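Survey of secondary and tertiary structure
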Amino acid sequence: MSANHSPAGPQPTATYESAFLKACRREPVPHTPVWFMRQAGRSLPEYLKVREGIPMLESCMRPELVAEITLQPVRRHHVDAAIYFSDIVVPLKAIGVDLDIKPGVGPVVQNPVRSRADLAQLRDLTPEDVWYVTEAIGLLTAELGETPLIGFAGAPFTLASYLVEGGPSKNHEHTKALMYSDPQLWADLLDRLAEITSDFLKVQIEAGASAVQLFDSWVGALAPADYRRSVMPASSKVFDAVASYGVPRIHFGVGTGELLGLMGEAGADVVGVDWRVPLDEAARRIGPGKALQGNLDPAVLFASTEAVEAKTREVLDAAAGLEGHVFNLGHGVMPSMDPDALSRLVEYVHTQTAR
C-alpha cells in the first residue's frame, strides 16, 4: 500500500474525544480508560458459544464472527476500547505461509525459515489478501460509535521467532542462532516482516481503526544491546510507516523491563508495561513524552474482590504522576478468569479515577 494513501495528521472522528484516545495523546481524561489484552476471547461463555467447532484461523476470516467477538467484551465489561479479534499470524497465513494454530500449542509453521531461500515464502501483503479485515472493521466501526477500535499486529521479532522456530519456543535457540550467525539474513528477514506488518496495520487504520498496538510477545528474551542492534530498526520501520495517519501507536512486550526505554525509542506513542515493573519506575526508564499502558498482574484477578481492589489501587497510585495512563493488565486475560471480576475491575477503575 503506497504512502500516498496516508492522510496527514490526526483525523477528527467520533472516537477522537474518547477517554482512551485522550489518554494516548496525554491529554486530560474524564476517568482512566480501561481495556484488556485478550478481552475478546476464551474467558467469555458467549465467545466459546459462537466459536464452537470453528478453527481459530478460520474464525479470524469471517467478518460477522470477528465483529461479534470483538464487541462482546465492550457490551459485557463496558471497557473504553475494543481490540480487533485476530491473531498475530493472520498476515503470514494470508500471504501463503503454511501454518496452523494447534489447540493447546499455538501457531505451528510447516516449513521454518532457516535459510535465504526460505525468505521466498514471504511475499508482499495486499489489502485483497485480508479483505475480511476491511469488511469486519467496517461492521465494527458502525456498531462501536464513539468507542475506539484498536487494530494490532505481531512485531517483526515475535513473528520471526515463530517462523524460525516453527512454533512457540521457550529458549528461542534457532532464532538467536540465526540472529548471531547470519546477521544479514536476520536483518533481511525482519525488514521483510516489517513491511508485511506495516501493510497489515495500514489496512486496519484505513478501514477505521482508531489506534494500533504492536505486540512483541517474545522480545523480553533479548538483552538490550541485541534489541538495539538486531530488532529495533525493524520495529521503528513499522511505527514510521503508520506515523502519518496520526493514530496512537502502542508497543507491548512481556518481560521487557530492561527494554522499556528502547521500546519507547523505537517510535511508539504509548508503551505497554507488564506487571514486573511499577508504572512510576517504568516512566523513569522510558522518559518523558510517552503515555503508559498497564499493568495489573493478571493472576490478581483470581484473588478476592478486596485484594483485586487493593492491588488495582497500587497501580493507580503508581500511575498518578504519569503524562497519560491507559489501565490494562500486564499481559492477557486468562481463559479461566471470571468475566464478572473483569467487569468489577472496569467499574472500580472508572469510579476511583472519575474527575
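The following refers to the structure shown. Note that this is a predicted model, so its numbers are computed, not measured. (Residues numbered from 1 in each chain as written. Predicted model: local features only at pLDDT ≥ 70, side-chain atom pairs only at ≥ 80, totals over all residues. Heavy atoms only, no water.)

A word on the overall build of the protein chain
Let me state the cut-off plainly: Where helices and strands are cited, they refer to DSSP runs of H or I of at least four residues and of E of at least two residues respectively, numbered from the N terminus. Every radius of gyration here is taken over C-alpha atoms, with the globule rule written as 2.2 Å times N^0.38, N being the number of residues. Using a 1.4 Å probe on the protein chains alone, a residue whose accessible area is under 20% of its type maximum counts as buried, one over 50% counts as exposed, and one in between counts as partly exposed. Whether two residues are in contact is decided by their heavy atoms, any of which lying within 4.5 Å being enough.
If you tally the helices and strands in the protein chain, you get 15 helices and nine strands. What you see for the protein chain is a C-alpha radius of gyration of 19 Å, in line with the 20 Å of a compact globule of 355 residues. Dimensions of the protein chain, computed from C-alpha atoms along their principal axes, come out at roughly 55 × 45 × 40 Å. Counting only residues that meet the buried cut, the protein chain has 57% of its 355 residues in that class. Look at the contacts in the protein chain between residues 6 or more apart in sequence, and 73% of them connect residues 24 or more apart.

Some words on the packing of helix H8 (residues 173-181) against helix H9 (residues 183-207)
For clarity, the cut-off: Orientation is described by lines fitted to C-alpha atoms, with helices fitted over the stretch in contact, and by angles between N-to-C directions that extend from 0 to 180 degrees. Gly is put with the polar residues, along with every residue not named as nonpolar or charged; the nonpolar set is Ala, Val, Leu, Ile, Met, Phe, Trp, Tyr, Cys and Pro, and the charged set is Asp, Glu, Lys and Arg.
H9 packs onto H8 with a crossing angle of 115° between their chain directions and a minimal axis gap of 5 Å. Facing Thr-175, Leu-178, Met-179, Tyr-180 and Ser-181 of H8, the residues of H9 in contact are Pro-183, Leu-185, Trp-186 and Leu-189. Its residues placed into classes, the contact of H8 with H9 shows seven nonpolar, two polar and no charged.

Looking at the environment of Leu-279
Positionally, Leu-279 belongs in helix H13 (residues 279-286). Sequence spacing of Leu-279 and Ala-209 is 70 residues, and the spatial spacing of their C-alpha atoms is 27 Å. Those residues in contact with Leu-279 that sit more than four places away from it in its chain are Val-273, Leu-292, Gly-294, Asn-295, Val-315, Ala-318, Ala-319, Leu-322 and His-325.

Let's talk about the side chain of Ser-43
Note that Ser-43 resides in the loop between helix H1 (19-24) and helix H2 (45-51). When its relative accessible area of 7% is taken as the criterion, Ser-43 is described as buried. Leaving out residues up to four positions away in the same chain, Ser-43 has contacts with Val-333, Met-334, Pro-335, Met-337, Pro-339 and Leu-342.

A word on H9
Rule in force here: Each residue after the first adds 1.5 Å to the expected span of a helix.
In a regular helix each residue adds 1.5 Å, so 25 residues correspond to 36 Å; H9 covers 36 Å between its end C-alpha atoms and thus fits that length. Of all 25 residues making up H9, 18 are buried, and the element is well covered by its neighbours. Following H9 by one or two positions, Gly-208 has its phi on the positive side, about 135°.

Just distances and angles here, no functional claims.
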